[in-house]
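# Geometric and topological summary
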Amino acid sequence: MNLGLSEEQAAVRQLARDFVVREIAPHAVTWDRQEEVDRGIVKKLGEVGFLGLTIDEEYGGSGGDHLTYCLVTEELGRGDSSVRGIVSVSLGLVAKTIAVWGSEEHKRRWLPGLTAGEYVGCFGLTEPGTGSDAGSLTTRAVRDGDDYVVNGTKMFITNGTWADVVLLFARSTDAPGHKGVTAFLVPADTPGLTRRTVHGKLGLRGQATAELVLEDVRIPASAMLGEEGKGFSAAMSALAKGRMSVAAGCVGIAQAALDAAVQYAGEREQFGGPIARHQLVQELISDIAVDVDAARLLTWRVADLVDRGEAFAVESSKAKLFASEAAVRAANNALQVFGGYGYIDEYPVGKLLRDARVMTLYEGTSQIQKLLIGRSLTGVSAF
Ligand code: FAD
């Protein structure tokens with residue numbers, strides 16, 4: 001594996017850095033306080049090509065490899081995890097899944113809009129009663145002529161109230177495949193689909209997280225993504241790549257924590273000089289730096305495996321597990337460097353800690369990643 005970046009990769013990373021400085025960083029605190037990112041950012045992300053990374057140009061994508069995708073994701077995460085999450089879901093979980101599993105008709109119908117930032121996608125897997133045990137989902141799709149009629153509730157759906165299309169997972173009653181879960185692409189304005197914002201989140205406050213209620217939602221069979229009964233495989237393959245994206249976002253959080261801690265330690269004076277000269281402050285900073293490097297290397301390794309077409313799912317779990325825990329540690333250490341000022345939102349580290357915390361929970365909790373890694377090593381499922 002080459003640990004250096006190509007000229008093109010470095011240029012796209014710089015583009016992302018500049019974009020974050022110009023379009024995201026000045027607003028991140030306001031969006032966090034008002035609990036809503038300015039939706040105009042989605043169109044801007046589309047225009048600069050960040051919502052089309054790794055997608056074929058034929059469908060409006062901007063191409064590029066997965067390492068480039070991770071570099072951009074890291075920079076977005078460094079600027080504002082709420083914005084990073086919008087991209088990780090709309091592109092990472094929805095558009096990329098359509099690109100892999102969708103029919104030609106699905107690709108032409110949804111990908112140009114998603115990659116341009118005209119549409120937003122959301123990923124509807126979790127339900128009020130089924131989180132980690134997603135395969136037990138109870139949303140039902142019952143065949144009726146050329147349609148399916150869907151009933152159920154989805155919980156904690158990122159982009160939920162903003163979305164134009166829902167990648168929905170439902171149990172189709174007579175499907176023979178894995179647990180009978182089938183994936184559908186549901187336009188969000190389909191009658192019977194209602195959405196309610198989930199308020200009061202600890203972090204990612206700018207993001208539109210929603211509960212989706214489906215009451216007799218009629219979907220044509222042509223909206224089925226992949227084969228009937230293969231939806232759980234589609235969901236799991238989407239999440240395997242999604243975890244790489246979460247890991248990259250976590251590297252961004254940890255890097256932002258490092259930048260903030262180093263700068264503050266050089267400026268803040270106590271006991272007659274900058275706190276940077278105290279060994280215990282340097283310990284906090286060096287712990288963050290090691291977490292940044294380790295998380296980044298694990299994440300790049302996953303991107304490299306994906307780009308080379310090799311198996312990556314377990315490595316993705318390792319990267320997501322480590323990077324998410326590292327991001328929480330790094331943000332917490334940075335907050336310690338800031339002392340009392342870290343505890344108020346005029347300074348960035350409190351938000352970093354709040355935003356980092358959910359990374360150990362979604363797209364599979366840390367415990368679930370350990371079970372996935374453990375299963376691959378022992379051959380025994382402990383689920
Ligand atoms: P539970 O599954 O109830 O877990 C509770 C605790 O039990 C955890 O500590 C867990 O690790 C532990 N546990 C459960 N099973 C085991 C086991 N077998 N062994 C050991 N420990 C176990 N979902 C989507 O589908 N789409 C989204 O876009 C989306 N976005 C989200 C955004 C936010 C802000 C949040 C908070 C969640 C989002 N989720 C989304 C849902 C997320 O993926 C779930 O919250 C997560 O999978 C955990 O499920 P749960 O909350 O039901 O917790």
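Just so we're clear, the structure is a prediction, and the values are computed from it rather than from any experiment. The written sequence of each chain sets the order in which its residues are numbered from 1. Under the rules for a predicted model, residues below a pLDDT of 70 receive no local features and side-chain atom pairs below 80 are neither given nor counted, while totals for whole chains, interfaces and linings still include all residues.

Looking now at the overall build of the protein chain. Runs of E in the DSSP output that reach at least two residues are strands. Runs of H or I that reach at least four are helices, and both are numbered from the N terminus. Across its full length, the protein chain holds 11 helices and 10 strands. Over its C-alpha trace the protein chain gives a radius of gyration of 21 Å, about what one expects of a compact globule, namely 21 Å for 383 residues. By its C-alpha atoms, the protein chain is 80 × 45 × 40 Å across when sized along the principal axes. Backbone-placed C-beta atoms define the burial measure: a residue is buried with 20 or more other C-beta atoms within 10 Å of its own, exposed with 12 or fewer, and partly exposed in between. Expressed as a percentage of the 383 residues in the protein chain, the buried residues total 52%. Put simply, the radius of gyration uses C-alpha atoms, and a globule should come to 2.2 Å times the residue count raised to 0.38.

So, on to unusual backbone geometry. Located in the positive-phi region is Glu 35, a residue other than glycine, with phi close to 60°. Here Glu 35 shows up in the loop between helix H2 (28–34) and helix H3 (40–47). Although it is not a glycine, Leu 204 sits at a positive phi angle of roughly 50°. If you trace the backbone, Leu 204 turns up in the loop between strand S6 (193–197) and strand S7 (209–220).

In this usage, the nonpolar core is the set of buried Ala, Val, Leu, Ile, Met, Phe, Trp, Tyr and Cys residues whose C-beta atoms join them within 7 Å. Counting residues in hydrophobic clusters, the biggest one holds 120 residues, and the most contacted among them are Cys 250, Ala 254, Ala 257, Ala 331 and Ala 334. Among the elements that take part in this core, helix H7 (residues 231–267) stands out by supplying 21 residues, more than any other. Not counting residues within four places of it along the chain, the set of residues in contact with Ala 331 comprises Ile 253, Ala 257, Val 349, Leu 352, Leu 353 and Ala 356. Here contacts are defined at the residue level, using C-beta atoms placed from the backbone and a cut-off of 7 Å between them.

Only the C-beta atom, placed from the backbone, is used; a residue is near a molecule or strand if that atom lies within 6 Å of it. By nearness alone, 23 residues border the ligand, and Leu 125, Thr 126, Gly 131, Ser 132 and Thr 365 come closest of all. Elements represented by at least two residues in the shell around the ligand include exactly strand S1 (121–124), strand S3 (147–158) and helix H11 (366–378). Residues are grouped as follows: Ala, Val, Leu, Ile, Met, Phe, Trp, Tyr, Cys and Pro are nonpolar; Asp, Glu, Lys and Arg are charged; all remaining types, including Gly, are polar. Residue composition of the shell around the ligand, grouped by class: 13 nonpolar, 8 polar and 2 charged. Those domain boundaries reflect an automatic or database domain assignment. Counting contributing residues, the shell around the ligand receives three or more from each of domain 2 (123–229) and domain 3 (232–378).

This paragraph deals with the packing of helix H4 (residues 66–79) against H7. Fitted lines through C-alpha atoms give the axes, limited to the stretch in contact for helices. The angle between two N-to-C directions lies from 0 to 180 degrees. H7 packs onto H4 with a crossing angle of 45° between their chain directions and a minimal axis gap of 7 Å. Considering the angle they form, H4 stands oblique to H7. Judged by the sense of rotation from one axis to the other, the crossing of H4 with H7 is right-handed. When H4 is examined against H7, the residues Cys 70, Thr 73, Glu 74, Glu 75, Leu 76, Gly 77 and Arg 78 are found in contact with a partner set consisting of Met 244, Ser 245, Ala 248, Gly 249, Cys 250, Val 251, Gly 252, Ile 253, Gln 255 and Ala 256. Split into classes, the residues belonging to the contact of H4 with H7 amount to 8 nonpolar, 6 polar and 3 charged. With respect to orientation, any angle under 35 degrees is reported as roughly parallel, any angle over 145 as roughly antiparallel, any angle of 65 to 115 as roughly perpendicular, and every other angle as oblique. Whether a crossing is left-handed or right-handed is set by the direction in which the near helix is turned from the far one by less than a right angle, anticlockwise for left-handed and clockwise for right-handed.

Next up on the list: the UniProt feature "domain: Acyl-CoA dehydrogenase/oxidase C-terminal" (unreviewed entry) in the protein chain. UniProt positions are given in the numbering used here, feature names are shortened, and annotations may be inferred rather than shown by experiment. The feature "domain: Acyl-CoA dehydrogenase/oxidase C-terminal" (unreviewed entry), as given by UniProt, occupies residues 229–377 in the numbering adopted here. The span residues 229–377 shows a helical share of 76% and a strand share of 3%, and its end C-alpha atoms are spaced 28 Å apart.

For the protein chain, the assigned domains are domain 1 (7–120), domain 2 (123–229) and domain 3 (232–378). The C-alpha centroid of domain 3 is placed 20 Å from the C-alpha centroid of domain 1. Elements represented by at least two residues in the side of domain 1 that touches domain 3 include exactly H2, H4 and helix H5 (81–101). Per element, the largest residue contribution to the side of domain 1 that touches domain 3 is 9 residues, and it comes from H4.

When the terminal C-alpha atoms of H4 are compared, their 20 Å separation across 14 residues agrees well with the 20 Å that a helix rising 1.5 Å per residue should span. Of all 14 residues making up H4, 14 are buried, and the element is well covered by its neighbours. By this rule the span expected of a helix is its residue count minus one, scaled by 1.5 Å.

Of the pairings in the sheet, the one linking S3 to S7 comprises 9 bridges and is antiparallel in character. Each residue of the ladder has a partner; that of Tyr 148, found in S7, is Ile 219. Relative to S7, S6 runs antiparallel, the two sharing 5 bridges. By the bridge assignment, Arg 195 is partnered in S7 with Leu 212. Only strands joined by at least two bridges in the DSSP assignment are considered to pair.

A few words now on the packing of H7 against helix H8 (residues 279–307). At a minimum axis separation of 9 Å, H7 and H8 run at an interaxial angle of 155°. Classed by the angle they form, the pair H7 and H8 counts as roughly antiparallel. At the point where H7 passes H8, the crossing takes the left-handed sense. When the residues that make up the contact of H7 with H8 are grouped by side-chain class, the tally is 22 nonpolar, 2 polar and 3 charged.

Turning our attention to the pairing of S3. Taken together, the 5 bridges between strand S2 (residues 140–144) and S3 define a ladder with antiparallel strand orientation. If you follow Arg 140 over to S3, its bridge partner there is Asn 151.

At Ser 88, H5 shows its largest kink, close to 30°. Among the 21 residues in H5, 20 count as buried, and that is most of the element. The term bend refers to the angle at a residue between two fitted axes, each drawn through seven residues, those ending there and those starting there.

When the pLDDT values of the protein chain are averaged, the result is 96; 98% of them are 70 or greater. In the predicted assembly, ipTM is 0.99 and pTM is 0.97. A residue's pLDDT is the confidence the predictor assigns to it, expressed on a 0 to 100 scale.

So, about the environment of Ala 99. As for its position among the elements, Ala 99 is in helix H5. The exposure class of Ala 99 is buried, given the 20 C-beta atoms found within 10 Å. The contact partners of Ala 99, leaving out residues within four places of it in the chain, are Ile 55, Lys 107 and Leu 111.

Before going further, it helps to examine the environment of Arg 357. In this fold, Arg 357 is placed in helix H10 (residues 349–357). Each C-alpha atom, one on Arg 357 and one on Asp 144, is 43 Å from the other, the two residues being 213 residues apart in sequence. In this structure, Arg 357 is in contact with Leu 202, Gly 203 and Val 328, ignoring residues within four places of it in sequence.

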